[in-house]
Every structure is written in C-alpha cells, then in structure tokens.
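Observations on the model geometry
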Amino acid sequence: MVLGTHVSGAKKIYETLDIAHNLKCDTLQIFSRSPQSWRNGSQIAPEEIKEFNLRRKKFKINPVFIHISYLINLASPDVRLYRSSIQAYIEDIQEADKLGADYIVTHMGSHKETSEDAGIKRLIEALNKIIEQTKDSKVGILLENTSGSGSWLGYRFYHQQKILKGLKEKSRVGLCLDTAHAYLAGYNLATKVGLEAMIDEIQEMVGTRLIKLIHLNDAAGELGCHHDRHDHIGQGHIGMAGMKRIINHPRLKNIPMILETPKSTEDSDKENLALVRKLNRN
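In short, a report on the structure. (Residues numbered from 1 in each chain as written. Predicted model: local features only at pLDDT ≥ 70, side-chain atom pairs only at ≥ 80, totals over all residues. Heavy atoms only, no water.)

Looking now at the overall build of the protein. Of the regular secondary structure elements, the protein holds 9 helices and 10 strands. By the compact-globule yardstick of 19 Å for 282 residues, the protein fits well, its C-alpha radius of gyration being 18 Å. Dimensions of the protein, computed from the C-alpha atoms along their principal axes, are close to 45 × 45 × 30 Å. Counting over 282 residues, the protein shows a buried share of 54%. (Helix = DSSP H or I, 4+ residues; strand = E, 2+ residues; numbered from the N terminus. Rg over C-alpha atoms; globule rule 2.2 N^0.38 Å. Buried < 20%, exposed > 50% of the residue type's maximum accessible area, 1.4 Å probe, protein only.)

Shown next, in the form of structure tokens:
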C-alpha cells in the first residue's frame, strides 16, 4: 500500500517532507503555493527546491502530488480569468518540474452556469494549450472528480471521457478519484454494489488504468447531496465497511492513496493513517 496525506502548514516547502516522514507516509500531496492567491511573480527559491529534492530522496517519498490552486478555473467563461488560469497552470507545471513532482491534481473547473458542454470545450482548449506549452515536462495532469456542487464539472465520468477524447496529446493526462466527492455526487460507495458500479463506469468511460491517485476521504454529507465536505475515515456516510472495501478492492489497492480528511486535532492525520493501515491489514 502506497499511503500518504495532504500536508499543509509548513513554513518551508521542504518541511512538508519532514511532516510526511514523521507520519510514516510513502507519498504526499502539497500545495506549491497558497491555494487562495495568485502567484504574482513569486517563485520558490532555488535553495528551497534543492532541499526539497534532497529530503525527498532521503525519506524515499514517492510519488509526489501537487494540488493546483483553487483560483484556477480552466472552464471559466470569463476571458480574463480563463487566460490567467492557463498561464498560472503553465507556471505551476514548470515549478512542479523543478520540484521533481510526478503529478498535478486539478479540479475540472466551473462553467459558471453557461453550459456543461461549453465548459468542457473551454477546458479541452485550455489543456491542449497547457500540454503543448509544457511538452518537455514529465509532470502528469490528473483530473479530479467533484461532488457536483454549483456549476462544477467532473461529477460524472462521461465528463472526463469527453475531455480525453478532445485532447491532442493524452499521454500525460490521468484521473484522481476522490471517494468523498464520488459519494456526494451520487455514487453509493457505502455498498459493494455501488462501488462496483462506479468502477465499472470508470472502466467503460476512460479505463481504470488512468486512475493514478485516490483521494481517500469519507463523506460528511448525504448520498448525492453535492455538498463537498470530507469526514474522518469510517466516521462519515461511506462508513467503516465502505472504506475498508475501497482500500482493499483489487482494482484500487495498488494505486497511491492520499488522505484529505479533516485536521480536527494535531493527531488527526496520525489517527486516520493508522486506521487505514489497520483496515488494509484485516
């Protein structure tokens, strides 16, 4: 099992690796910059990047995932935001390259009540530009499914299917499967039948081989409520039995898993990771 957590709160980016190592993580996910602000020309200092790469090698943290800024919207109908999002995404990939990150994880954007087809079209065009302008990069792009709140794309896997069909170059693009988002979007992962149905749908639409990361989260909301709220492992509506089935499913268990569970206390990550490891063994 390749298991880790989203690490935040470190003063220096290389300190995220210390936190992950102390939690006995194999992998980790981070923000490379503030998720709630634009870069505005700021970049990670070269000496910090060097130290990040040294500590990653020392602690054997692999793979490394970077979650994209929440401000980026590659499906936006607002021309200024759309162009800014594309440029910011390109800059983030370039920085991810320097950090030696394996993948960037991204929500698929909001069409802002234009239409899903229009939003998907803009997203395809944006990704084609991004991939072309970073064609020498090895950093993969992972499309994360969403809970479907508001006008967000990605709550059904035919959205990912349409996007992949529209890309000129597909080799660097894969999927991030968020278990809480799937449940909140209406996939009943609390049951064996519901889990199998979702996996079969992914296989039919894009192929489960494209799932490169699982965001392993329980869901704080009701099935299909579309309200994006994560819960601690086993304490949400997916429940202990449902989470155990996901963790041990033969088509999922070898995919890296990152926890984005609530950090209610200083020990929350430690407790959730320990529980996942226990469920994996039993």
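Right, let's get into the packing of helix H1 (residues 15-22) against helix H2 (residues 46-59). Look at H1 against H2: their axes get within 9 Å of each other, and the N-to-C directions meet at 15°. On the basis of their axis angle, the class for H1 and H2 is roughly parallel. Note that H1 runs across H2; the crossing there is left-handed. Of the residues in H2, those in contact with Thr16, Leu17, Asp18 and His21 of H1 are Phe52, Arg55, Arg56 and Phe59. Among the residues making up the contact of H1 with H2, the classes are represented as 3 nonpolar, 2 polar and 3 charged. (Axes fitted to C-alpha atoms, helices over the stretch in contact; angles between N-to-C directions. Parallel < 35°, antiparallel > 145°, perpendicular 65-115°, else oblique. Left-handed = near helix turned anticlockwise from the far one by under 90°. Contact = heavy atoms within 4.5 Å. Nonpolar A, V, L, I, M, F, W, Y, C, P; charged D, E, K, R; others polar.)

Right, let's get into the side chain of Arg33. In this fold, Arg33 is placed in the loop between strand E2 (27-30) and H2. At 2.9 Å, the side chain of Arg33 forms a polar contact with the side chain of Asp92. Apart from residues no more than four positions distant in its own chain, Arg33 is found in contact with Trp38, Arg39, Ser69, Ile72, Ala88 and Asp92. (Polar contact = N/O pair within 3.5 Å; in protein donor to acceptor, adjacent residues only side chain to side chain.)

What follows concerns helix H7 (residues 192-205). When the terminal C-alpha atoms of H7 are compared, their 20 Å separation across 14 residues agrees well with the 20 Å that a helix rising 1.5 Å per residue should span. Those residues of H7 lying buried are Gly194, Leu195, Met198, Ile199, Glu201 and Ile202. Across the axial projection of H7, the buried residues extend over an arc of 155°, all falling on one side. Opposite its buried face, H7 presents the exposed residues Lys192, Val193 and Glu204, each directed more than 90 degrees away. Where H7 is buried, its residues touch helix H5 (157-166), strand E6 (173-178), helix H6 (179-185), strand E7 (211-215) and helix H8 (239-248). Two residues or fewer past H7, Gly207 is found with a positive phi of approximately 95°. (Expected span 1.5 Å × (residues − 1). Arc of directions from axis to C-beta.)

Here we take up the sheet that holds E7. With respect to topology, 8 strands assemble into a closed barrel ordered E1-E2-E3-E4-E5-E6-E7-E10, the strand pairing being parallel. Going from strand to strand, the sheet's axes swing by 25° on average, the running direction of each strand aside. Its contacts with the sheet put helix H9 (residues 268-281) on strand E1 (3-6) and strand E10 (257-259), and the angle it makes with E1 is roughly 155°. (Pairing = 2+ DSSP bridges.)

A few words on the nonpolar core. Nonpolar side chains tend to gather and get buried jointly when the protein is soluble and globular. Membership of the largest hydrophobic core comes to 78 residues, with the highest contact counts inside it found for Leu74, Tyr89, Ile141, Ile163, Met198, Leu216 and Leu252. Sorting elements by how many residues they give to this core places helix H3 (residues 79-99) first, with 8 residues. Apart from the residues within four sequence positions on either side, Ile141 is in contact with Tyr89, Ile93, Tyr103, Ile104, Thr106, Leu127, Ile130, Ile131, Arg172, Val173 and Gly174. Val105, Leu142, Cys176 and Leu213 belong to the second-largest nonpolar core, a separate cluster that totals 6 residues. (Core = buried A, V, L, I, M, F, W, Y, C linked by side-chain atoms within 4.5 Å.)

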